[in-house]
Amino acid sequence: MDTRLLLIILDGVPWRNWRSLFGNLEGWVDSGEARVWRMRSVLPSISASCYASIHTGVTPAVHGSTGNANVFRLSVPDIFSEVRKSGGKTGAVTHSFWSEFFNRAPFDPVRDIEYDEPDSASINHGRFHTMAGYGHANQMTPSDADLFATLTMLSQRFGLDYGILHTCTLDSMGHRFKHACEEMDHACAHMDETLAPYISRWRSAGYEVIVTADHGQNDRGHHGGRGEEQQDFALYYFGDAAGPDADTLLRQTQLAPTILNRLGVPIPQTMTDEPFL
């Protein structure tokens, strides 16, 4: 790989919360160590559909996952598959949907909750959570501190070239509390504080880092449809590549070819959007 990169997905954080509540990330923007752009999700702006588009660079109309009840092993090329074709090592610390989309389905928690498969054509090192039993009164989300530590462990133990972390904490809290409230102010600030030392650690280890979301959320705690609150979120980039003007609106389908381009991996023909870095 020309570069090593970690992608951090904080689920369900709208643009305004990123820019007003993540003080560490915004401080790095002010200092010039990070850059930030607005990105717009695909439609539907529902979680599973966005996960699939983030990694394949195609819309739900193409990859076929039209919602959270429609999760299956995708057939189009994705970041994991292309990195592996180029000999890179991949890792994922995510919701189990990512394992189903990009490794094997259906998800078997005994077989798939944790695996190390050096010869896999997709994810070599996976650590997953299912959030089984999730509901309004019980988020069933793991600690974000544990997830950040787990990705760091995988990157150190196995020398990942590409790794992804995905957490649903803020999405789940947004569904419960909505966004203009004390609970969400505190939750976003706490996430920012928990994440910040790891960004410094990953950068010191030689990784470029992208921190972003899969979609936003509106004031009723909803997403899935059209509109800036539901679709728009921030993307923070820590690395040396040149990027577009600060006021450029990025498309979610640009993310997969951009990551492959940074890693020095050939972009498959299915990813038709131009890289933005």
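Treat the numbers as computed from the prediction; the structure is a model and nothing was measured. (Residues numbered from 1 in each chain as written. Predicted model: local features only at pLDDT ≥ 70, side-chain atom pairs only at ≥ 80, totals over all residues. Heavy atoms only, no water.)

On to the layout of surface pockets, then. Its boundaries defined by the atoms lining it, the largest pocket holds a volume of some 210 Å³. Elements with a contribution of two residues or more to the lining of the largest pocket: helix H3 (47–56) and helix H9 (169–177). In terms of residues, the lining of the largest pocket owes the most to one element, H9, which gives 3 residues. When its residues are assigned to classes, the lining of the largest pocket shows 5 nonpolar, 6 polar and 2 charged. (1 Å grid on protein atoms, 1.4 Å probe; cavity = no way out; pocket = protein on both sides within 12 Å on 5 of 7 lines; lining within 4 Å. Points joined across faces, edges and corners; volume = space filled by probe spheres on them. Helix = DSSP H or I, 4+ residues; strand = E, 2+ residues; numbered from the N terminus. Nonpolar A, V, L, I, M, F, W, Y, C, P; charged D, E, K, R; others polar.)

With that settled, the discussion passes to the confidence of the model for the chain. Per-residue confidence for the chain gives a mean pLDDT of 97, with 100% of residues at or over 70. The least confident element of the chain is H9, whose mean pLDDT is 95; the most confident is strand E7 (residues 207–212), at 99. (pLDDT = per-residue confidence, 0-100.)

Time to look at the packing of aromatic side chains. Across all of its chains, the model carries 15 aromatic pairs by this definition. Taking the centre distance of 5.7 Å and the plane angle of 55° together, the rings of Trp 18 and Tyr 236 count as tilted. Taken together, the positions of Trp 18 in helix H1 (residues 15–21) and Tyr 236 in strand E8 (residues 232–238) put the pair 218 residues apart, joining distant regions of the chain. When sorted by exposure, Trp 18 lands in the same class as Tyr 236, which is buried. Through pairs of rings, three or more aromatic residues link up here, namely Tyr 51, Phe 80, Phe 97, Trp 98, Phe 101, Phe 102 and Tyr 162. Positioned over the ring face of Tyr 207 is Arg 4, at 4.1 Å from the centre of the ring. (Phe/Tyr/Trp six-rings, centres within 6.5 Å; stacked < 30°, edge-to-face > 60°. Buried < 20%, exposed > 50% of the residue type's maximum accessible area, 1.4 Å probe, protein only. Lys NZ or Arg CZ within 6 Å of the ring centre and 35° of its normal.)

Right, let's talk about the packing of H9 against helix H10 (residues 182–204) for a bit. Their axes nearest at 10 Å, the elements H9 and H10 cross at an angle of 175°. Comparing their axes, H10 and H9 come out roughly antiparallel. Along its contact with H9, which presents Thr 169, Leu 170, Met 173, Gly 174 and Phe 177, the element H10 presents Glu 183, Met 184, Ala 187, Cys 188 and Met 191. Of the residues belonging to the contact of H9 with H10, the class tally is 7 nonpolar, 2 polar and 1 charged. (Axes fitted to C-alpha atoms, helices over the stretch in contact; angles between N-to-C directions. Parallel < 35°, antiparallel > 145°, perpendicular 65-115°, else oblique. Contact = heavy atoms within 4.5 Å.)

The subject of this paragraph is the nonpolar core. Ranked by internal contacts, the top residues of the largest apolar core, which has 81 residues, are Leu 7, Ile 8, Trp 18, Phe 22, Tyr 162, Trp 202 and Val 211. Residues in contact with Trp 18, not counting those within four places in the same chain, are Leu 10, Val 13, Leu 25, Glu 26, Val 211, Thr 212, Ala 213, Phe 233, Ala 234 and Tyr 236. (Core = buried A, V, L, I, M, F, W, Y, C linked by side-chain atoms within 4.5 Å.)

This paragraph deals with the pairing of strand E6 (residues 162–167). By the criterion of burial, E6 is predominantly enclosed, with 6 of the 6 residues buried. In E6, alternate side chains face the same way, and those of Tyr 162, Ile 164 and His 166 on one face and Gly 163, Leu 165 and Thr 167 on the other are all buried. Here 4 bridges tie strand E3 (residues 90–95) to E6, and the two strands are oriented parallel to one another. If you follow Thr 90 over to E6, its bridge partner there is Tyr 162. (Pairing = 2+ DSSP bridges.)

What follows covers unusual backbone geometry. With an omega of 0°, the peptide bond running from Leu 43 to Pro 44 counts as cis. Tracing the chain through its elements places Pro 44 in the loop between strand E2 (35–40) and H3. The linkage connecting Ala 105 with the following residue, Pro 106, adopts the cis geometry, with an omega of 0°. Relative to the helices and strands, Pro 106 is located in the loop between helix H6 (96–102) and helix H7 (109–112). The phi torsion at Lys 178 lies on the positive side, around 70°, for a residue other than glycine. Turning to its location among the elements, Lys 178 is positioned in the loop between H9 and H10. Given a relative accessible area of 30%, Lys 178 falls into the partly exposed group.

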